[in-house]
Amino acid sequence: MLNIVLFGPPGSGKGTQAEKLIRKYGLIHMSTGDILREAISKKTPLGVRAKEYLDKGELVPDEDVVNMVIKKLDAEKDPNGFIFDGFPRTCGQARVLRNLLTDRNTRINVMIALEVQEEELINRLLKRGRESGRSDDQLSVIKNRIAVYERDTYPVIDFYQKMRKYRSVNGVGTVDEIFQRIVEVIDQMK
Ligand code: AP5
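Below you will find a few notes about this structure. These numbers come from a predicted model, not from an experiment. (Residues numbered from 1 in each chain as written. Predicted model: local features only at pLDDT ≥ 70, side-chain atom pairs only at ≥ 80, totals over all residues. Heavy atoms only, no water.)

**A short note on the site of the ligand**
The environment of the ligand is formed by 29 residues, the closest being Thr16, Glu58, Arg89, Arg128 and Arg145. A distance of 2.9 Å separates a nitrogen atom of the ligand from a polar atom in the backbone of Gly86. About the coverage of the ligand: the protein hides 87% of its 1,000 Å² of free accessible area. Looking at the shell around the ligand element by element, the count peaks at 4 residues for helix 2 (residues 32-41). Split by residue class, the shell around the ligand holds 11 nonpolar, 10 polar and 8 charged. (Near = heavy atom within 4 Å. Polar contact = N/O pair within 3.5 Å; in protein donor to acceptor, adjacent residues only side chain to side chain. Areas by Shrake-Rupley, 256 points an atom, 1.4 Å probe, with all protein chains shown as cover. Helix = DSSP H or I, 4+ residues; strand = E, 2+ residues; numbered from the N terminus. Nonpolar A, V, L, I, M, F, W, Y, C, P; charged D, E, K, R; others polar.)

What follows is the structure, given as structure tokens:
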């Protein structure tokens, strides 16, 4: 199995690159943000609980997110692997993911962190907010999402660095240029 953590701040291009990577490597897209937005649109009990966190740009509690991930891991029969997009987002989530994969006789091959400066992140997200109406793409919420990333999520890098699985990739350029950089890293680590 090939399991990749695609990591980076809000707007760094995780979702965009994940779509291309799942096609190239035949992987399952594990986007916790997409699963939460679907639950919100269906108004499930999880969606109702999660909405207030997403609207503020805060993290949904680990327990809810971990349960979603377990459900999707176990729903896939004989997968080639997973792209984890937006998960893990806390050191606690990273430890749980390691244990979940160990229990399933597999592991993370590489954690790829997309590097993009704050000004570019804000510009990308404001543009998407204008074009798509995504409710958390407004300036005050974007700023909080970035602050939460720096406080709670950035330390996850250290977890993967200790296991020599962390690789940083320049996330500025065209989508295809960035994709090529990511593919080079994956092909060295798989
Ligand atoms: P989530 O959906 O994961 O959002 P995010 O991390 O804020 O990421 P984005 O989707 O905004 O950005 P991205 O890096 O995927 O970039 P994208 O490709 O979309 O999480 C949303 C919320 O859910 C969280 O705030 C939290 O509340 C909750 N949540 C989710 N996971 C959780 C977890 N594990 N634990 C707890 N809570 C969780 O690109 C962004 C824009 O830029 C797009 O318009 C795109 O077209 C554009 N773009 C992409 N690449 C380029 C490029 N190279 N040049 C120019 N523009 C580009």
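Picking up after the structure, the text goes on.
**Here we look at the environment of Gly171**
Position of Gly171 among the secondary structure elements: in the loop between strand 5 (166-170) and helix 9 (175-189). Sequence-wise, Gly171 and Leu114 are 57 residues apart; in three dimensions their C-alpha atoms are separated by 4.8 Å. With sequence-adjacent residues up to four places away left out, Gly171 is seen in contact with Ser12, Leu114, Glu115, Val116, Arg124, Ile178 and Arg181. (Contact = heavy atoms within 4.5 Å.)

**Considerations on the nonpolar core**
It is characteristic of soluble globular proteins that their nonpolar side chains tend to be buried jointly. Judged by nonpolar contacts, the single largest core of 30 residues is most densely connected at Val5, Phe7, Leu73, Phe84, Leu97, Met111 and Tyr160. The contacts of Leu73, once residues within four sequence positions are left out, are Met30, Phe82, Phe84, Leu100, Leu101 and Arg104. Counting residues in hydrophobic clusters, the runner-up holds 20 residues, among them Ala18, Leu21, Tyr25 and Phe179. (Core = buried A, V, L, I, M, F, W, Y, C linked by side-chain atoms within 4.5 Å. Buried < 20%, exposed > 50% of the residue type's maximum accessible area, 1.4 Å probe, protein only.)

**Side note on unusual backbone geometry**
Along the chain, Phe87 connects to Pro88 via a cis peptide bond; the corresponding omega equals 0°. Inspection of the secondary structure assignment puts Pro88 in the loop between strand 3 (82-85) and helix 5 (91-103). If you check the backbone angles, Lys43 has positive phi at about 55° while not being a glycine. By secondary structure assignment, the location of Lys43 is in the loop between helix 2 and helix 3 (45-56). Judged by relative accessible area, which is 67%, Lys43 ranks as exposed. Phi at Asn105 takes a positive value of approximately 60°, unusual for a residue other than glycine. Its location among the elements puts Asn105 in the loop between helix 5 and strand 4 (110-115).

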